[in-house]
Amino acid sequence: MSDLAIQHAIAELVPRGARVLDLGCGDGAMLDYLQRTRGCTGYGVEIDDANVLACIRRGVDVIQLNLDEGLAVFEDASFDVVLQIDTLQHLRNAEVMLRETARVGRLGIVAFPNFAHWLNRWSILMGRMPVTKRLPYQWYDTPNIRVGTHADLAALAARNGLRVLDSFGLQEGRTVRFAPNLLAGTSVYKLAR
Amino acid sequence: MALIAVAQSMQFAQPLPLQSGAVLRDYALAYETYGTLNADKSNAVLVCHALNASHHVAGVYAGRSKSEGWWDNMIGPGKALDTDRFFVIGVNNLGSCFGSTGPMHTNPATDRVYGADFPVVTVEDWVNAQARLLDALGIQVLAAVMGGSLGGMQALSWALQYPERMLHAVVIASAPNLTAENIAFNEVARRAIVTDPDFFGGNFYEHGVVPKRGLRIARMIGHITYLSDDVMNEKFGRQLRPAAQALAKAAQAIASDGADGGDSSDAVVAAAQYLYSTQEVEFQIESYLRYQGDKFAEYFDANTYLLITRALDYFDPARAFGGDLSLALRRAACKFLLVSFTTDWRFSPKRSRELVKALLDNQRHVSYAEIDAPHGHDAFLLDDARYMGVVRAYFDNVAGSLA
């Protein structure tokens, strides 16, 4: 989770006092923010050693797990909210994790860089892979193993029988409800089973 | 400036009822403390030891070189568990052979050495004994209980037996119980000891002998389980014992002098390296294991080995809850830090994840680090920046919460 504006916009979606599971929680900043400002509790899941250490330093409870191995340690509907913020693009099996998110949480919130944003489209039209604020990596040197679009996630959710409670875009910290697939650098979904 | 450790002992007149129904009378506990207990007695951390360690956790004994405590890399001034901030207590467990009452001491009921009559003690019994020591030291609530392996089991048991007396549990390279394979290894070690003719049914003291053969083999088996396959291969591989290597080198020199070259001289060298003996030490790993076994048999007590491995076997907090670990851990109230090591096959990460899951099921505060270290179970005693960093960060927060 890089951008503070995105973090705060997504935090607004989390009910006060919610039990939260943050998949791919990074350095724990989001959970820390939710705990401090919205009275939430919960855990982060991280694979990276440095991030696990950062979470422990912050006093954020973190479980070191490889998400590609599944969420077997978490029971069905054991969290109010499961966050998957900028995680999906790192996962080998994003579909399984989407289902798992909906299984473990009563509410799933998924956010990721929208590849169909017009800036990216323009770059592709010019024949080059985009390098933007939201996708800051060169194509040959990136931690992302996939890209997807706002529209793609709607199709994947439908395919897995998940209900889309809400979906919109985020651009420059503002909510984008008109043509988010074209106009937003970040895609956000609220999902439930 | 090195931390100077001073071994202490406390005598207990009040009998200790044990889980087996037996009672231990007039027993002593050996212990050491490091750092200073603060005014409100809130900065105490109990460190529990594993199979072959003791109350000598950190520091050195004055005037004795190479007398570092077994977790000296973890605990001391400025270390991950910082004795400038915490009052750290190491206790030797009952049945051990390093100072606390054990099978080599006199049974007050018979005025004879306990030997085989020393009562079977469990992790729960040890925890009860430790709690009494803390009572005597005037410590009502511990900032943390910490341990690795069997020590981690004690930290976990503390959280279940005295949930109101501790704020944090640090459980490293541990497990909620032993697997059949774990018990099997323990049983082989015990049979090695018990079938040693010098064991005399556990009463070898009065015969003036020590069942060293059994102890050596027990230690060799144990040692294999502490290491990973990779580390063993890296350290020893198929290297031949030093003497054989020297011989081989000489043979090589001879072969190259001959300058005949070709396959035949290689064959001669290879042939020279093996002793073709079934009983001599041939490979370096054999030499290493024998050395470890010999060293161990010099200082460890055979009855203690049986008692401690049995305590490991019996530990199973879920047993009283129909095997449901989540139900068993419901009593725990403290916050947890769990650490496991990827190459530990004795207490594998899978076992720590079972604990994590049970704590998650109970919505307890828990952090879990799975350290990708090559050293197997032994990793919990070794320096690893990620491991030490996590423990240090955790205790930093514990210290912060006390202030």
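Residues numbered from 1 in each chain as written. Chains lettered and ligands numbered in written order. Predicted model: local features only at pLDDT ≥ 70, side-chain atom pairs only at ≥ 80, totals over all residues. Heavy atoms only, no water.

## Comments concerning the overall build of chain B
1) Next: The number of helices and strands found in chain B is twelve helices and 16 strands.
2) Next: The C-alpha atoms of chain B give 23 Å as radius of gyration, which agrees with the globular expectation for 403 residues (22 Å, within 12%).
3) Next: Judged by the C-alpha coordinates and their principal axes, chain B covers about 80 × 50 × 50 Å.
4) Next: Across the 403 residues of chain B, 55% fall into the buried class.
5) Next: When the accessible surface of chain B is summed, it comes to about 17,100 Å², and 53% of that surface belongs to carbon and sulfur atoms.
6) Next: In chain B, which carries 34 positive and 43 negative side-chain charges, the distance between the mean positions of the two groups comes to 5 Å. (Helix = DSSP H or I, 4+ residues; strand = E, 2+ residues; numbered from the N terminus. Rg over C-alpha atoms; globule rule 2.2 N^0.38 Å. Buried < 20%, exposed > 50% of the residue type's maximum accessible area, 1.4 Å probe, protein only. Areas by Shrake-Rupley, 256 points an atom, 1.4 Å probe, with all protein chains shown as cover. Lys, Arg positive; Asp, Glu negative; His and termini not counted. Charge placed at Lys NZ, Arg CZ, Asp CG, Glu CD.)

## Side note on the overall build of chain A
1) Next: Each helix and strand in chain A was counted, giving seven helices and eight strands.
2) Next: By the compact-globule yardstick of 16 Å for 193 residues, chain A fits well, its C-alpha radius of gyration being 16 Å.
3) Next: Its C-alpha atoms give chain A principal-axis dimensions of about 45 × 35 × 30 Å.
4) Next: Within chain A, the proportion of its 193 residues that are buried is 53%.
5) Next: Put simply, of all contacts in chain A between residues at least 6 apart along the chain, 63% involve residues at least 24 apart. (Contact = heavy atoms within 4.5 Å.)

## Looking at a nonpolar patch on the surface
Residue and element names in this part refer to chain A.
1) Next: Taken together, the side chains of Trp118, Leu119, Trp122, Leu125, Met126, Phe178, Leu182 and Leu183 present a nonpolar region at the surface, about 890 Å² in accessible area.
2) Next: Inspection of the secondary structure assignment puts Leu119 in helix 5 (residues 118-125).
3) Next: Owing to a relative accessible area of 36%, Leu119 belongs among the partly exposed residues under this scheme. (Patch = residues over 30% accessible without salt bridge, like charges linked within 9 Å, V, L, I, M, F, W, Y side chains within 5 Å. Salt bridge = Lys/Arg side-chain N within 4 Å of Asp/Glu carboxyl O.)

## Quick word on the layout of surface pockets
1) Next: Empty space within the largest pocket amounts to approximately 880 Å³.
2) Next: Broken down by secondary-structure element, the contributors of at least two residues to the lining of the largest pocket are helix 4 (212-226) and helix 8 (284-299) of chain B.
3) Next: Residues that form the lining of the largest pocket fall into these classes: 15 nonpolar, ten polar and seven charged.
4) Next: Its boundaries defined by the atoms lining it, the second largest pocket holds a volume of some 550 Å³.
5) Next: Along the walls of the second largest pocket sit 26 residues, with Gly24, Glu46, Asp86, Thr87 and His90 of chain A positioned nearest its centre.
6) Next: Split into classes, the residues belonging to the lining of the second largest pocket amount to eleven nonpolar, nine polar and six charged. (1 Å grid on protein atoms, 1.4 Å probe; cavity = no way out; pocket = protein on both sides within 12 Å on 5 of 7 lines; lining within 4 Å. Points joined across faces, edges and corners; volume = space filled by probe spheres on them. Nonpolar A, V, L, I, M, F, W, Y, C, P; charged D, E, K, R; others polar.)

## Notes on the environment of Gly148 of chain B
1) Next: Positionally, Gly148 of chain B belongs in strand 13 (residues 144-148).
2) Next: Remark: the alpha-carbon pair of Gly148 of chain B and Gly78 of chain B, spanning 70 residues in sequence, is separated by 20 Å.

## What about the packing of aromatic side chains?
Residue and element names in this part refer to chain B.
1) Next: Enumeration over the complete set of coordinates arrives at 24 aromatic pairs over all chains.
2) Next: Relative to Tyr299, the ring of Phe296 lies with its centre 5.5 Å away and its plane at 75°, an arrangement referred to as edge-to-face. Note that Phe296 and Tyr299 are positioned in helix 8 at a spacing of three residues, about one turn of the helix.
3) Next: The buried category is assigned to Phe296, whose relative accessible area is 1%. (Phe/Tyr/Trp six-rings, centres within 6.5 Å; stacked < 30°, edge-to-face > 60°.)

## With respect to the interface of chain A and chain B
1) Next: Counting from both sides, the interface comprises 19 residues of chain A and, opposite them, 21 residues of chain B.
2) Next: Regarding the contact of chain A and chain B, the summed buried area is about 1,600 Å², with carbon and sulfur atoms giving 55% of it.
3) Next: Broken down residue by residue, the surface that chain A buries against chain B is led by Ile56, Gln64 and Val73 of chain A, which jointly contribute 31%.
4) Next: Arg386 of chain B serves as the salt-bridge partner of Asp49 of chain A, at 3.6 Å between the closest nitrogen and oxygen. (Buried area = accessible area lost by both parts, 1.4 Å probe.)

## Side note on unusual backbone geometry
1) Next: In this structure, Ala77 of chain A is a non-glycine residue whose phi angle is positive, near 45°.
2) Next: Mapped onto the elements, Ala77 of chain A comes out in the loop between strand 3 (62-64) and strand 4 (79-85).
3) Next: In this structure, Asp111 of chain B takes a positive phi of about 60° despite not being glycine.
4) Next: Of note, Asp111 of chain B is situated in the loop between strand 11 (106-107) and strand 12 (112-113).

## What to know about the pairing of strand 14 (residues 168-172) of chain B
All names here are of chain B.
1) Next: The buried fraction of strand 14 amounts to five of the five residues, a majority that puts the element mostly inside the structure.
2) Next: Residues His168, Val170 and Ile172 point to one face of strand 14 and Ala169 and Val171 to the other, with burial holding for every one of them.
3) Next: Where strand 13 and strand 14 come together, four bridges link them in parallel fashion. If you follow Val145 over to strand 14, its bridge partner there is Ala169.
4) Next: Assessed by its sense of winding, the connection that carries the chain from strand 13 through helix 2 (residues 150-161) to strand 14 is right-handed.
5) Next: Pairing geometry for strand 14 and strand 15 (residues 335-341), over five bridges, is parallel. Paired with Val170 across the strands is Leu337, a residue of strand 15. (Pairing = 2+ DSSP bridges. Right-handed = clockwise from strand over helix to strand, strands pointing away.)

## Some points on the side chain of Ser157 of chain B
1) Next: Its location among the elements puts Ser157 of chain B in helix 2.
2) Next: Those residues in contact with Ser157 of chain B, other than ones at most four positions away along the chain, are Val123, Glu124, Val127 and Phe315 of chain B.

## A short note on the environment of Arg163 of chain A
All names here are of chain A.
1) Next: By the element assignment, Arg163 lies in strand 6 (residues 163-171).
2) Next: Residues Arg163 and Lys190, spaced 27 residues apart in sequence, show a C-alpha to C-alpha distance of 8.4 Å.
3) Next: In this structure the side chain of Arg163 is engaged in a polar contact, spanning 3.1 Å, whose partner is the backbone oxygen of Arg193. (Polar contact = N/O pair within 3.5 Å; in protein donor to acceptor, adjacent residues only side chain to side chain.)

## Overview of the confidence of the model for chain B
1) Next: Per-residue confidence for chain B gives a mean pLDDT of 93; residues scoring 70 or more make up 92%.
2) Next: Confidence drops under a pLDDT of 50 for residues 258-262 of chain B, and excluding neighbours within four residues, the segment shows zero contacts in the predicted structure. (pLDDT = per-residue confidence, 0-100.)

## Remarks on helix 4 (residues 94-104) of chain A
All names here are of chain A.
1) Next: With nine of eleven residues buried, helix 4 lies mostly within the body of the structure.
2) Next: Along helix 4, the residues that are buried comprise Ala94, Glu95, Met97, Leu98, Glu100, Thr101, Ala102, Arg103 and Val104.
3) Next: Buried residues in helix 4 make contact with strand 1 (19-23), strand 4, strand 5 (105-113), helix 6 (150-159) and strand 8 (186-192).

## Quick look at the nonpolar core
All names here are of chain B.
1) Next: Grouped together as the largest cluster of nonpolar side chains are 159 residues, with contacts concentrated most on Ile172, Phe336 and Tyr387.
2) Next: Ranked by residue count, the leading element in this core is helix 12 (residues 385-402), at nine residues.
3) Next: What Phe336 contacts, discounting residues up to four positions off in sequence, is Leu156, Ala159, Ala169, Val171, Leu359, His365, Val366, Ser367 and Tyr394. (Core = buried A, V, L, I, M, F, W, Y, C linked by side-chain atoms within 4.5 Å.)

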